[in-house]
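Architecture at a glance
For reference, the chains in residue letters:
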Amino acid sequence: MSHSDVVVHGPITGGRRSAIARTVVWIRHHRGRILLHTILFIALLIFLLPIVWTVSASLKGRTELFLPVPSLFPVQPTLDNYVYVLTRLKGFPGYFGNSVLVTGLAVTLTVLFSTLAGYAFARLKFRGRDLIYYTLVLQTFIPRAGGLMALYEVMQSLGLRDNLLGLALLFVGNIGVPIFIMRQTFFNLPGEFEDAAQIDGANRWQTFVRVMAPMATSGMILVATFAFIYIWGEFLITLTMIDDPDKFTLALGIANLNLNNASWQTDSEVLPYGTQAAAYLLAALPTLVVFIALQKWFVRGMAEGLKF
Amino acid sequence: MAQMQRDSGDSGLDSAWSNWRGAYASARHETWGDLWGYVFIFPAVAMFVLFGSWPLLRGLSMAFTDYRYALPDYQPFVGFLNFAEMAGDERFWQAAVHSLLFTLYYVPPIILLPLGLAVLIARVRQPQWSAIYRVCAYLPVVLPISVAVLLFAELFHSQFGYINYFLDKVLRLGIKPAWFGDPALILPSLAAASVWKHMGTNTLLLLVGLYSINGELYEAASIDGAGAWRQFWHITLPLLKPMLTVVVVLSVEVLAYSGTQEALVLFKGGGPEDAAQTVGVYAYQTAFKMGDLRWGYAAAMNLALGVVAMVLAGLMFRALRSERYL
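Residues numbered from 1 in each chain as written. Chains lettered and ligands numbered in written order. Predicted model: local features only at pLDDT ≥ 70, side-chain atom pairs only at ≥ 80, totals over all residues. Heavy atoms only, no water.

Our focus in this paragraph is the overall build of chain A. Summing up its helical and strand segments, chain A has 17 helices and zero strands in all. Residues classed as buried in chain A amount to 53% of the 308 residues present. For chain A, long-range pairs separated by at least 24 residues make up 71% of all intrachain contacts whose partners lie at least 6 apart in sequence. Put simply, chain A shows about 14,500 Å² of open surface, and 64% of that area lies on carbon and sulfur atoms. (Helix = DSSP H or I, 4+ residues; strand = E, 2+ residues; numbered from the N terminus. Buried < 20%, exposed > 50% of the residue type's maximum accessible area, 1.4 Å probe, protein only. Contact = heavy atoms within 4.5 Å. Areas by Shrake-Rupley, 256 points an atom, 1.4 Å probe, with all protein chains shown as cover.)

Applying the stated rule across the entire model yields twelve salt bridges over all chains. Linking Arg123 of chain A and Glu194 of chain A is a salt bridge whose minimum nitrogen-to-oxygen distance equals 3.4 Å. With a gap of 71 residues between them, Arg123 of chain A in helix α6 (residues 92–123) and Glu194 of chain A in helix α11 (residues 192–199) connect regions that are remote in the sequence. Each of the salt bridges in this network shares a partner with another, and the network as a whole consists of Asp66, Arg68, Glu85, Asp292 and Arg294 of chain B. (Salt bridge = Lys/Arg side-chain N within 4 Å of Asp/Glu carboxyl O.)

Turning next to helix α5 (residues 80–87) of chain A. Within the sequence span of α5 of chain A, burial applies to Asn81, Tyr82, Tyr84 and Val85 of chain A. The buried residues of α5 of chain A occupy an angular sector of 160° when the element is viewed end-on, so they sit on one face. (Arc of directions from axis to C-beta.)

As for its placement among the helices and strands, Tyr67 of chain B is situated in the loop between α3 (36–62) and α4 (81–87). Overall, Tyr67 of chain B belongs to the buried group, its relative accessible area being 6%. Those residues within four positions of Tyr67 of chain B in sequence are excluded, and the remaining contacts are Glu153 of chain A together with Arg58, Met62, Tyr74, Gln75, Leu293, Arg294, Trp295 and Gly296 of chain B. Among the polar contacts made by the side chain of Tyr67 of chain B, one reaches the side chain of Glu153 of chain A at a distance of 2.6 Å. (Polar contact = N/O pair within 3.5 Å; in protein donor to acceptor, adjacent residues only side chain to side chain.)

Across the eleven residues of helix α7 (residues 145–155) of chain B, eleven count as buried, placing the element largely inside the fold. Considered for burial, the residues of α7 of chain B that qualify are Ile145, Ser146, Val147, Ala148, Val149, Leu150, Leu151, Phe152, Ala153, Glu154 and Leu155 of chain B.

Before going further, it helps to spend a moment on a nonpolar patch on the surface. On the surface, Val97, Leu100, Leu101, Leu104 and Tyr105 of chain B cluster together to form a nonpolar patch covering roughly 450 Å² of accessible area. As for its position among the elements, Tyr105 of chain B is in helix α5 (residues 90–122). (Patch = residues over 30% accessible without salt bridge, like charges linked within 9 Å, V, L, I, M, F, W, Y side chains within 5 Å.)

On to the packing of aromatic side chains, then. Tallied over the full model, the rule gives 45 aromatic pairs over all chains. Between Trp205 of chain A and Phe208 of chain A, the aromatic rings sit 6.0 Å apart at their centres with planes inclined by 40°, giving tilted as the arrangement. Of this pair, Trp205 of chain A and Phe208 of chain A both sit in helix α12 (residues 204–215), three residues apart, roughly one helical turn. Assessed through its relative accessible area of 40%, Trp205 of chain A is described here as partly exposed. With a centroid separation of 5.5 Å and 5° between ring planes, the pair formed by Trp17 of chain B and Trp20 of chain B is classed as stacked. Of this pair, Trp17 of chain B and Trp20 of chain B both sit in helix α2 (residues 13–27), three residues apart, roughly one helical turn. We classify Trp17 of chain B as partly exposed; its relative accessible area is 41%. In this structure an aromatic cluster arises from ring pairing among Tyr119, Phe186, Trp205 and Phe208 of chain A together with Trp36 and Phe40 of chain B. (Phe/Tyr/Trp six-rings, centres within 6.5 Å; stacked < 30°, edge-to-face > 60°.)

On to the confidence of the model for chain A. With 86% of its residues at a pLDDT of 70 or more, chain A shows a mean pLDDT of 85. Counting interchain partners and residues more than four positions distant, the pLDDT-below-50 stretch residues 261–266 of chain A has ten contacts. (pLDDT = per-residue confidence, 0-100.)

In this structure, Met149, Phe186, Met241 and Ile254 of chain A together with Trp295 of chain B are the most contacted members of the largest nonpolar core, which totals 201 residues. Residues contacting Trp295 of chain B, with those up to four places away along its chain left out, are Met149, Tyr152 and Glu153 of chain A together with Met62, Tyr67, Tyr69, Ala287 and Phe288 of chain B. (Core = buried A, V, L, I, M, F, W, Y, C linked by side-chain atoms within 4.5 Å.)

Take the interface of chain B and chain A next. Accessible area lost during the coming together of the parts is what is often quoted as the interface size. In this complex, chain B contributes 96 residues to the contact, which on the side of chain A involves 103 residues. In this assembly, chain B packs against chain A so that about 9,700 Å² is buried in total across both faces, 76% of it on carbon and sulfur atoms. Of all residues in chain B, Phe40, Phe48 and Phe51 of chain B bury the most surface against chain A, accounting for 8% of the area lost on that side. Our count for the contact surface shared by chain B and chain A stands at two salt bridges. Here Arg58 of chain B ties to Glu153 of chain A by a salt bridge, and the two come within 2.7 Å at their closest N and O atoms. Inspection of the chain B/chain A interface yields 19 residue pairs in polar contact (both at pLDDT 80 or more). For the side of chain B that touches chain A, the leading source of residues is α3 of chain B, giving 21 residues. Looking at side-chain class alone, the side of chain B that touches chain A contains 69 nonpolar, 17 polar and ten charged residues. (Buried area = accessible area lost by both parts, 1.4 Å probe. Nonpolar A, V, L, I, M, F, W, Y, C, P; charged D, E, K, R; others polar.)

Residues and elements named next belong to chain B. In the contact formed by helix α9 (residues 186–211) and helix α11 (residues 228–252), the axes pass within 9 Å of each other and the chain directions differ by 155°. With respect to α11, the axis of α9 lies roughly antiparallel. The two elements α9 and α11 cross, and the hand of that crossing is right-handed. Within the contact between the two elements, α9 uses Asn202, Leu205, Leu206, Val208, Gly209 and Leu210 and α11 uses Thr236, Leu240, Met243, Leu244, Val247, Leu250 and Ser251. (Axes fitted to C-alpha atoms, helices over the stretch in contact; angles between N-to-C directions. Parallel < 35°, antiparallel > 145°, perpendicular 65-115°, else oblique. Left-handed = near helix turned anticlockwise from the far one by under 90°.)

One can describe the packing of helix α7 (residues 129–139) of chain A onto α2 of chain B by two numbers: an axis separation of 8 Å at closest approach and a directional angle of 155°. In terms of their interaxial angle, α7 of chain A and α2 of chain B are classed as roughly antiparallel. As α7 of chain A runs across α2 of chain B, the sense of the crossing is left-handed. In this structure, α7 of chain A contributes Asp130, Leu131, Tyr134, Thr135, Val137 and Leu138 of chain A to the contact, and α2 of chain B contributes Leu13, Ala16, Trp17, Asn19, Trp20, Ala23, Tyr24 and Ala27 of chain B.

Here it is as structure tokens:
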């Protein structure tokens, strides 16, 4: 029985009273649901308060930030903080470009390599296939001890340290979960298309590129989304591998914003507090956009037992 | 083939191990088969070995040497000496206490808050609304860790933050705690920031568990006159136990990291009076900031903490699995 079928008993005599009466009946009928949504709304508002507050602070100018009674929502919203970050904040455009370069390259390679490997592990038959695969799986259970130092050493000896392309390659090494996802995706595809392509004389490579890979886009989107969000926000490895401030990514750069300059007190129409807020939000914007656009894949991925 | 589909993902160490042994035994008498396979897996496996397997093994072996990076070619094998040194290192013990406190502040809320939130969201019947709630609950997880911590610190800013305004002026408590600036409050504040950043994962995992519970059980229970609380206690909790076990085990493993990234984002080290110096932070400073850059000692500290965290998680797993519900 659907809760949305509201049945009003008794004669409806028209006019204001019956409208009120109907509303009262509707509220009574949906008491539980209204209460549930109210609780959830308040709980999530409190939960998202750090984001709400920062959005609000980023839209406040100098005068409003100095008001003795701060408002949760800005009274005279201004984009001054964003303009300042995008045009005058030292380093910000560079950090953004570095993040785009590293994330773009690493995500592309992760999707490409994991698709190839996932296809082979799921569909091709060759000696030691399962042995190699389960060795990869087993490795995820070993605790990581000196991983950061050992990575430093590898990167140093390859001449890839303090190098953005090297950093991107290092992130591609995080390809365990992507391989699992792509193997699963290819397992779940029907085999007939593959057989048909083989009969038509296509070789392995052609079968993969023209027939199988296009059918695995759902897995690729999932892999790309996970990889994008992880790499865009990665902090500890980037901190260890990159020394040159000109090569900082956004995740690293915004933790090093130097806004506590004395001249802020008098000269500027914006304040460090508001400008920081704008910079943080701009740094997070790409992951938020990607996540919200592709959110349905996340829950599906979680439901299939994959951890983020 | 169908059986193999099931066991990818996180089916546990036991089944991974038995699958590996099965594959090892059969690999001997397999034919070479389709050689394209090796071409296809090569790039991924090469990256995995170079930036995954090798650093992992190398890092483990480092823990048994007195590797000092600043000294050229100095990495003598010392067996368990690093661990003996740890036992007498006061800073290490202080850091271990900080890690433990962080874990104690972190674990209860990161299980209970997602449980409450997930139970509420699971009751929402309209798919479009539950999707919106799920996105909101998961949102902090996708933020870059540095952004998440800085946003949280912005809200708790002693001068401009809304929390202190609320405590001081709305509730009229007349206090303005420094939160991330006060050594006594740093660990709880960092743990709170960390819970906020990560609890979405648990919420989503518990929701997956809740969605798989048969709704007819609740209908039957309410016909029998069981109220919401008894339904939660006698249906939801027992049936959610497998997923709850996963959540508890994953949450306890935080001990191995315990706020390292959060502290490095905010303080680039241990913070005021080193109050945020957990083992992870201390190991990072030992390896990359202090003196001879003692990589061996730092690796040993990480390994010790990682093993303790694994044992703790294993004990939790045993306890939850064997304990009979009520």
